[in-house]
Amino acid sequence: MTDNSGKDPIYRTDALIGEDIDAYLAQHQNKELLRFITCGSVDDGKSTLIGRLLYDSKMIFEDQLAALEADSRKSGTQGQEIDFALLVDGLAAEREQGITIDVAYRFFATEKRKFIVADTPGHEQYTRNMVTGASTADAAVILIDARKGVLVQTRRHSYLAHLLGIKNLVLAVNKMDLVDYDQDIFDNIVSEYGEFAAEIGIESFTAIPISGFRGDNITDAPSANIPWYGGRALIAHLENIEIATNAAQEKPFRMPVQWVNRPNLDFRGFSGLISSGIVKKGDPVRIVPSGKNSTVKSIVTLDGELDEAVAGQSVTILLDDEIDCSRGDVIACADDPPEISDQFESTIVWMSGEALKPGRGYWLKLATQTVSVSVQEPKYEININTMERLAAKTLELNAIGVAEVHTDKPIVFEPYADSRALGGFILVDKITNATVAAGMLHFSLRRAANVHWQATTITREEHGLLKNQTPRVLWFTGLSGSGKSTIANEVEKSLNLMNRHTFLLDGDNVRHGLNKDLGFTEADRIENIRRVGEVAKLMTDAGLIVLTAFISPFRAERKMVREMLPEDEFIEIFVDTPLAVAEERDVKGLYKKARSGQLKNFTGIDSPYEPPENPEIRVNTVEMTPAEAADYIIRQIMPLK
Amino acid sequence: MTRILTHLERLEAEAIHIMREVVAEAQKPVMMYSVGKDSAVLLHLAKKAFYPSPPPFPLLHVDTTWKFKDMYALREKAAQDAGMELIVHHNAEAEERGINPFDHGPLHTDMWKTEGLKQALDLHGFDVAFGGARRDEEKSRAKERVFSFRTASHGWDPKNQRPELWNLYNARKAKGESIRVFPISNWTELDIWQYIMAENIEIVPLYFAAMRPTYMHEGSLFMADDIERLEQVMGHKPEITNRSVRFRTLGCFPLTGAVESTASTLAEVVQEMLLTTTSERQGRVIDKDEGGAGMEKKKQEGYF
């Protein structure tokens with residue numbers, strides 16, 4: 001079946017297993033671990049190559065092989081020969097479609113190293129999967145079909161690997177058997193790729209001519225068919241690539257604190273995975289962001305105290321001083337601690353079917369820190385096939401762009417190029433909890449450093465006390481024509497009669513002034529609500545009861561405003577009117593315009609309304625008159641003290 | 001001078017990091033404990049992750065009442081040694097209906113294990129459950145996340161998995177939803193054995209060869225762990241022969257095939273494992289029903 005099958009591959013040490021198992025185990029106890037990603041499509045023979053690696057390293061058992069042979073005859077693409085691709089295409093749906101649609105992790109080992117392979121699909125619509133696989137990889141094997149040369153997808157894969165910070169790129173020119181092992185073809189591909197690589201900033205790469213199907217230059221080099229090749233076989237090359245975790249020991253010490261270990265009052269340990277550097281007992285350290293200094297008292301593990309610990313180890317550190325330190329903080333070497341900031345330039349890979357909403361709040365998780373963040377409108381999107389910069393208002397699924405991110409409090413960070421652990425982040429949707437994006441911080445924008453809070457003497461409590469009331473925001477939400485403004489007006493009239501100090505912020509009125517620069521796109525609507533939220537907050541600081549009447553169609557923005565205010569001060573009032581009823585009323589004639597297409601982005605017609613799930617108050621305007629609804633609301637919110 | 005970490009040190013550090021993330025972010029985590037060798041490794045890692053505190057969550061054994069006696073013995077001891085609470089759950093309905101591996105085939109696994117697990121998680125309100133599954137075990141596992149998100153009805157949707165980048169795990173979920181977390185996802189069977197050797201972890205003696213009472217059933221070799229009960233359920237006394245056997249995986253004794261072996265030390269067991277030519281789960285019946293997609297289908301229904 002293969003030209004090399006007669007030779008026992010170097011990493012199949014069967015003989016030793018049988019003869020001296022203790023010697024074998026001793027040898028394998030101290031392997032290193034390398035993670036790599038394979039990039040390419042089924043057409044490039046990627047799955048075949050991985051199947052070959054598993055097969056040659058004896059990771060495939062007889063029963064799996066028997067099943068594989070049966071499958072190969074049924075649905076294989078290699079005629080009667082074994083189709084290695086079937087071995088690694090995991091999910092049933094994928095097997096039927098004949099494509100890999102997710103990230104699958106495979107394992108094989110040689111005497112020197114254990115390998116974890118991230119097997120990801122090659123098509124453009126699976127960019128997010130490739131980015132995921134690349135995020136943990138030390139190396140990338142980029143597959144090229146020797147018959148086709150450097151394709152658009154080769155550029156894309158190389159760009160993504162480079163973007164995710166992979167320093168070791170291997171260009172595996174596959175299917176050499178199908179081009180008669182022609183050296184000229186190989187050389188031309190390498191020189192064309194070299195030009196492209198230099199353009200996008202790839203400093204070096206290693207090219208190897210192989211045949212995954214025939215087994216050429218996989219375990220031994222040069223293969224008899226490729227005598228002109230003077231380099232290492234693929235496996236030997238992977239055995240010699242530098243492992244990022246080892247390299248990280250050269251960098252300054254950092255350990256993001258995951259968990260505070262307090263079994264009793266006498267023990268207070270800080271647990272975490274050391275992301276870079278080395279820490280020794282007695283080392284001076286600084287806690288960031290608080291900036292407090294201390295000294296390492298001991299490094300505790302179940303196996304006893306350690307004198308030192310290095311990047312890649314999970315440990316528990318005790319400090320000499322009783323200082324404040326908790327999850328999210330970073331313990332760092334005192335003489336070279338990481339920076340903090342709250343505004344960054346970043347590259348973002350969008351991973352959700354729901355596009356980025358600039359201005360909306362997401363959760364950002366970086367190391368062990370989770371903070372609220374907003375992403376500004378992208379500066380540009382990157383065409384990942386041509387590397388051109390395109391203008392963009394948002395980022396859709398699989399799009400990659402550069403944008404500013406603003407966190408609601410300063411976080412500890414390092415540029416991604418220096419540290420994957422302190423520069424890589426994910427974004428999480430606050431409502432669905434889905435992971436919607438991954439990103440890489442490049443640098444701090446530092447504007448935050450110059451704006452400080454000015455402390456004022458009269459507090460919000462004192463403002464409220466003087467008015468004999470507790471500040472509130474009564475947030476009316478509902479479709480256009482549901483009766484928000486009418487009811488809010490009734491409520492304000494009643495409150496006024498009761499000597500309450502109020503102010504009604506109305507959607508239409510605000511758009512005449514404060515927000516007259518905003519339109520009705522999704523991004524503008526988000527900004528509209530954000531500004532109203534800020535104004536409402538200032539007014540409650542002044543002690544007022546604020547009523548707002550805005551459609552405010554999105555849950556996320558209502559939640560954003562809720563989170564700006566002290567607990568219990570935000571009262572969401574859902575003016576619940578069915579669309580048909582609101583459209584029937586059509587007080588301002590807007591539904592008619594929207595239906596005829598004269599008005600775009602109209603809520604309920606061509607823009608969604610997300611009703612509140614748990615409003616504090618809900619009024620049904622079909623059953624209640626505006627006056628009844630207002631009475632009901634007043635009764636719900638009393639006594640307001 | 002760089003200190004090179006070995007693959008086992010790296011895998012250990014990763015598993016500990018994952019466990020601490022869960023404890024920091026979950027409301028009420030639990031560790032699934034099946035008493036097998038992977039569970040033994042998981043429990044050992046938990047002790048390391050939180051030392052000197054005991055692991056801050058209970059152990060949960062979803063029992064079928066058909067496990068080997070040796071497993072029940074180690075279960076109690078292991079929990080006690082770790083200073084952890086042990087919760088044993090029996091599916092009351094399966095117990096009442098007398099569901100057993102002989103008369104009910106796949107229903108036995110479904111009722112006792114799949115349903116039993118869902119019941120136990122719901123009953124105690126656990127929001128995160130650690131499991132000892134590994135990606136090298138089976139094809140559909142290769143694509144499962146470390147943090148595997150489940151709907152409120154415990155379903156797994158392979159098309160809707162959260163992307164998992166770097167070592168950043170998204171543990172956020174709505175009320176009622178839960179997450180299964182697999183800290184030893186990246187370990188292979190050989191890694192498990194090497195770690196057990198290196199750390200001197202106690203495992204059930206059934207993994208080592210010894211003379212044991214055995215019987216043949218539908219072409220496979222089984223151990224007669226409870227002869228009386230077997231007779232009751234099978235309706236006849238199986239023909240018992242003493243053989244030197246051991247087990248590559250452990251489950252319900254009438255469902256777990258034994259292999260004839262003389263490997264009585266860890267090194268010999270590993271030797272046999274490396275020289276063997278059949279995959280680990282072959283000893284279990286569960287993968288083969290429902291065609292090639294057996295495990296994937298089970299997972300979508302809520303099996304671990």
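Numbering of residues starts from 1 in each chain and follows the order in which that chain's sequence is written. Chains and ligands are labelled by the order in which they are written, letters from A for the one and numbers from 1 for the other. Only residues with pLDDT of 70 or above have their local features reported here, since the model is predicted, and side-chain atom pairs are shown and tallied only from 80 upward, although totals for entire chains, interfaces and linings are computed over all residues.

*Asks:* Would you take a moment to explain the overall build of chain A for this structure?
*Replies:* Only DSSP runs of H or I with at least four residues qualify as helices, and only runs of E with at least two residues qualify as strands; both kinds are numbered from the N terminus onward. In terms of helices and strands, chain A carries 20 helices and 28 strands. Within chain A, buried positions represent 47% of all 641 residues. Here the contacts in chain A between residues at least 6 apart in sequence split such that 72% fall between residues at least 24 apart. Exposure in this text rests on C-beta crowding, where 20 or more other C-beta atoms within 10 Å of a residue's own make it buried, 12 or fewer make it exposed, and counts in between make it partly exposed. The C-beta atoms are placed from the backbone. Residue pairs are scored as contacts if the distance between their C-beta atoms, which are placed from the backbone, is within 7 Å.

*Asks:* Help me understand the interface of chain B and chain A in this model?
*Replies:* Accessible area lost upon the coming together of the parts is a frequently used measure of interface size. With 53 residues of chain B at the interface, the matching set in chain A holds 57 residues. At the level of elements, helix H1 (7-25), helix H2 (37-50), helix H6 (189-199) and helix H8 (266-275) of chain B are the ones that each hand at least two residues to the side of chain B that touches chain A. At nine residues, the largest contribution of residues to the side of chain B that touches chain A is made by H1(B). Note on residue classes: Ala, Val, Leu, Ile, Met, Phe, Trp, Tyr, Cys and Pro are nonpolar, Asp, Glu, Lys and Arg are charged, and everything else, Gly too, is polar. A class-by-class count of the residues in the side of chain B that touches chain A yields 23 nonpolar, 15 polar and 15 charged.

*Asks:* What am I meant to see in the sheet that holds strand E7 (residues 210-217) of chain B here?
*Replies:* Strand-to-strand pairing in sheets goes through backbone hydrogen bonds, with the strands running parallel or antiparallel. All names here are of chain B. Spatially, four strands are ordered E8-E7-E9-E10 in an open sheet, and the strand pairing comes out antiparallel. Edge positions in the sheet fall to strand E8 (220-223) and strand E10 (259-260), since each has one partner strand and no second. Where E7 lies against strand E9 (residues 241-246), five bridges are found, and the strand directions are antiparallel. Looking across to E9, one finds that Met 211 is bridged to Ser 244. Strands are labelled as partners when DSSP assigns at least two bridges between them.

*Asks:* Help me out: how do you make sense of the domain arrangement of chain B in this one?
*Replies:* Residues and elements named next belong to chain B. If you check the domain split of chain B, you get domain 1 (7-200 + 294-300) and domain 2 (205-285). Per the annotation, domain bounds derive from an automatic or database assignment of domains. Taking the mean C-alpha position of each, domain 1 and domain 2 sit 24 Å from one another. Counting residues per element, the side of domain 1 that touches domain 2 draws most heavily on H6, which supplies four residues. Classifying every residue of the side of domain 1 that touches domain 2 gives nine nonpolar, three polar and seven charged.

*Asks:* Is there a simple way to think about the sheet that holds strand E8 (residues 259-264) of chain A in this case?
*Replies:* All names here are of chain A. Read across the sheet, seven strands follow the order E7-E15-E11-E12-E14-E9-E8 without closing on themselves; strand pairing throughout is antiparallel. Strands at the two margins of the open sheet, each flanked by one partner only, are strand E7 (254-256) and E8. Adjacent strand axes in the sheet meet at a mean angle of 40° when their direction is disregarded. Where strand E12 (residues 292-300) lies against strand E14 (residues 314-319), four bridges are found, and the strand directions are antiparallel. Across the sheet, residue Ser 298 finds its bridge partner in E14, namely Leu 318. Helix axes are fitted only over the stretch in contact, all axes being lines through C-alpha atoms; the angle between N-to-C directions runs from 0 to 180 degrees.

*Asks:* What exactly am I supposed to notice about the nonpolar core here?
*Replies:* Across soluble globular proteins, nonpolar side chains have a tendency to be buried as a group. Under the definition applied here, buried Ala, Val, Leu, Ile, Met, Phe, Trp, Tyr and Cys residues are grouped into a nonpolar core through C-beta atoms within 7 Å. Counting 203 residues, the largest nonpolar core has Phe36(A), Ala134(A), Ala140(A), Ile142(A), Ala172(A), Val173(A) and Met31(B) as the members making the most contacts within it. For this core, the element with the most residues is H1(B), which contributes nine residues. Among all residues touching Met31(B), those that are not within four sequence positions of it are Leu42(B), Ala46(B), Phe57(B), Leu59(B), Leu60(B) and Phe130(B). Core analysis: the next-biggest nonpolar cluster, separate from the first, contains 35 residues, Val473(A), Leu474(A), Ile571(A) and Ile573(A) among them.

*Asks:* Before we go on, may I ask you to explain the packing of helix H2 (residues 21-29) of chain A against H6(B) in this structure?
*Replies:* Helix-helix packing is characterised by the crossing angle of the two axes and by the distance between the axes. One way to put it is that H2(A) packs onto H6(B) with a least axis distance of 11 Å and a crossing angle of 95°. One element, H2(A), and the other, H6(B), form an angle in the roughly perpendicular class. Residues Leu25(A), His28(A) and Gln29(A) of H2(A) form the contact with H6(B), whose participating residues are Gln194(B), Met197(B) and Ala198(B). Considering only residue class, the contact of H2(A) with H6(B) consists of three nonpolar, three polar and no charged. Each angle receives one of four descriptions, namely roughly parallel if under 35 degrees, roughly antiparallel if over 145, roughly perpendicular if within 65 to 115, and oblique otherwise.

*Asks:* Hey, could you run me through helix H16 (residues 522-541) of chain A in this one?
*Replies:* Note that an α-helix has 3.6 residues per turn; residues three or four places apart therefore point the same way. All names here are of chain A. Residue count minus one, scaled by 1.5 Å, sets the expected span of a helix. Relative to the 28 Å expected for 20 residues at 1.5 Å per residue, H16 spans 29 Å between its end C-alpha atoms, a close match to the ideal helical length. The elements touched by buried residues of H16 are helix H13 (460-466), strand E24 (472-477), strand E25 (502-506), helix H15 (507-512), strand E26 (545-549) and helix H17 (555-564). Among the residues trailing H16, Gly 543 stands out with phi positive, at a value near 95°.

*Asks:* Explain the pairing of strand E6 (residues 205-209) of chain A here, please?
*Replies:* Working note: regular strand, side chains alternate between the two faces of the sheet. Residue and element names in this part refer to chain A. Here strand E5 (residues 168-174) pairs with E6 via five bridges, running parallel. Following the sheet pairing, Val 173 is matched in E6 by Pro 209. Handedness of a crossover is defined as follows: with both strands directed away from the viewer, a clockwise route from the first strand across the helix to the second makes it right-handed. Note that the unit made of E5, helix H9 (residues 183-199) and E6 has a crossover that is right-handed.

*Asks:* What is the right way to read the packing of H2(A) against H8(B) from this model?
*Replies:* At their nearest, the axes of H2(A) and H8(B) sit 10 Å apart, and the two run at 80° to each other. Between H2(A) and H8(B), the angle falls in the class roughly perpendicular. Every residue of H8(B) that contacts H2(A) at Ile21(A), Asp22(A) and Leu25(A) is listed here: Ala267(B), Val270(B) and Gln271(B). In terms of residue class, the contact of H2(A) with H8(B) is made up of four nonpolar, one polar and one charged.

*Asks:* Help me out: how do you make sense of the confidence of the model for chain A in this one?
*Replies:* Detailed reading of the predicted coordinates is not advisable wherever pLDDT is low. All names here are of chain A. pLDDT measures the predictor's confidence residue by residue and takes values from 0 up to 100. Residues at a pLDDT of 70 or more form 89% of chain A, whose mean pLDDT is 86. The lowest-confidence element of chain A is helix H6 (residues 92-97), averaging 50 in pLDDT; the highest-confidence one is E7, averaging 98. Here residues 1-13 scores under 50 on pLDDT; set against residues more than four positions off or in separate chains, the count is 26 contacts.

*Asks:* Where do I start with unusual backbone geometry in this structure?
*Replies:* What you tend to see is this: most non-glycine residues have negative phi, and most peptide bonds are trans. A cis amide bond links Val288(A) to the next residue, Pro289(A), at an omega of 10°. Within the secondary structure, Pro289(A) is located in the loop between strand E11 (284-288) and E12. That bond from Tyr51(B) to Pro52(B) is cis: its omega, 5°, falls within 30 degrees of zero. Positive phi, normally seen in glycine, also occurs at Asn499(A), with a value near 65°. Within the secondary structure layout, Asn499(A) lies in the loop between helix H14 (484-497) and E25. In this structure Asn499(A) comes out as exposed when scored by C-beta crowding, with 9 C-beta atoms within 10 Å.

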